[in-house]
Amino acid sequence: MATDAELARCVAEGDAAAEAELCRRFAPRVHLYGLKHLRDEDRARDLVQSVLVAVLEAARAGRIDDPERIDRYILGTSRNLALRFRAADTRAEPTAPAGLDVAGALPPLDALDIEALLRCLQHVEARARTILYLAFSRDKSADEIAEALAMTPGNVRVVRHRAVAQLRDCLGVAEAT
Amino acid sequence: MSCRTPLDDARLVAYWAGDLAPADADAVEEHLFGCDACTAASTRVAQIAAALRGQLPPVISCADLDVLRGKGLTLVENAIPPGVRTEVTFARHVDLMIHRLGGLALTGADRVQVIIRVESTGDVMFDEPFAPYDAERGEVLVACQRHYAVFPRDIEIEVRAHRAGAPPAATVYAIPHVFG
């Protein structure tokens, strides 16, 4: 299998198959970055498209100085464009160049069944459930949660991690294939 | 697909909870962009985080309620007085019931805590230490959602107003639910 750097070099030489493979490989990574920083599925998908368009255009034009560090280049592009998305607070309207199949390169993040999630949450110990809620729904840090629940921040982190693992097991969130 | 130095799960959970220092979060992202295996592991945590974040919280603010009204949902609002057992029915055509827990003295509270329990067992289903509240109206809003039908129906809600230097002032509401 070609390395990321080899793919970047092939893109510079006009290899369409290398472009497709580069997109397939990096789309999920940019998508996760978008979900983390933009907190919206549609905007995350817009980010994927904008980033991949920018990266392919740069690679085709030979503007990626160090193909060995193509992953850092794509991360940097993701950071810059996510900042712009947030500053504009609006969805971008990227234009895909011919041959860029973002939808094909990006399987949707499987949404979990809400009733199943609630059933699984019932099996999580009450304090751990509260910690999950405060961490992910109220965006409270481990320090803030620890203060409210009279725990140590370290203990909050351990309980939070174990509770996520318990939910993942209960929901049968698929292992990577 | 393997990784010689995989990110451990606890770190990925902290990353998705937004609980890493900026430099640590940057390091996680640098690793993820170069690693298929850890991207797959991160995706599994992201699914859980997204599902938890996507839930409407059981206790909502007046601003949240305005947003819900704007979505065209069929809402039923129940004024629930303290100390009076109030049975509520979640009718089939209703999207959301809003329980207005009233009669609360919340002025000057540092924070308000809402604990939802199963009345018959005392089991805590939900504990919100930083609940939104309306001090002026003396009210807390609880958003009862249809998928809560999977939970026990005999619900008791305790609202605690925390003030510095004093024990919390607790008010209890018994609200048995019927789902149509």
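Residues numbered from 1 in each chain as written. Chains lettered and ligands numbered in written order. Predicted model: local features only at pLDDT ≥ 70, side-chain atom pairs only at ≥ 80, totals over all residues.

J.: Could you give me a rundown of the overall build of chain A, with the residues and numbers involved?
T.: In terms of regular secondary structure, chain A is built from 9 helices and 0 strands. Helices (α) and strands (β) of chain A occur, in sequence order from the N terminus, as α-α-α-α-α-α-α-α-α. Summarising the internal contacts of chain A: among those between residues at least 6 apart in sequence, 65% fall at separations of at least 24. (Helix = DSSP H or I, 4+ residues; strand = E, 2+ residues; numbered from the N terminus. Contact = placed C-beta atoms within 7 Å.)

J.: I'd like to hear about the confidence of the model for chain A, residue by residue, with values.
T.: In this model, chain A carries an average pLDDT of 86, and 84% of its residues clear a pLDDT of 70 or more. Of all helices and strands in chain A, the one with the weakest mean pLDDT is helix H5 (residues 102-105) of chain A (58), whereas helix H9 (residues 153-171) of chain A scores best (95). (pLDDT = per-residue confidence, 0-100.)

J.: Account for the sheet that holds strand E6 (residues 124-128) of chain B, naming residues and giving values.
T.: All names here are of chain B. Taking strand neighbours across the sheet as the criterion, the 5 strands line up as E3-E9-E8-E5-E6 in an open arrangement whose pairing is mixed. Edge positions in the open sheet fall to strand E3 (88-90) and E6, since each of these has one partner strand only. Adjacent strand axes in the sheet meet at a mean angle of 25° when their direction is disregarded. Note: strand E5 (residues 111-118) against E6, 4 bridges, orientation antiparallel. Considered in E6, the bridge of Val114 is made with Glu128. (Pairing = 2+ DSSP bridges. Axes fitted to C-alpha atoms, helices over the stretch in contact; angles between N-to-C directions.)

J.: Report on the domain arrangement of chain B, specifying residues and quantitative values.
T.: Taken domain by domain, chain B comprises domain 1 (9-53) and domain 2 (59-179). One C-alpha centre belongs to domain 1 of chain B, the other to domain 2 of chain B, and the line joining them spans 33 Å. (Domains from an automatic or database assignment.)

J.: Break down the sheet that holds strand E1 (residues 59-60) of chain B for me, citing the residues and quoting the values.
T.: All names here are of chain B. Taken together, 4 strands build an open sheet; the order of strands is E1-E7-E4-E2 and the sheet is mixed. Edge positions in the sheet fall to E1 and strand E2 (75-80), since each has one partner strand and no second. Where E2 meets strand E4 (residues 96-101), 6 bridges bridge the pair, whose relative direction is parallel. Each bridged residue has a counterpart across the sheet, and for Ala79 the counterpart in E4 is Arg100.

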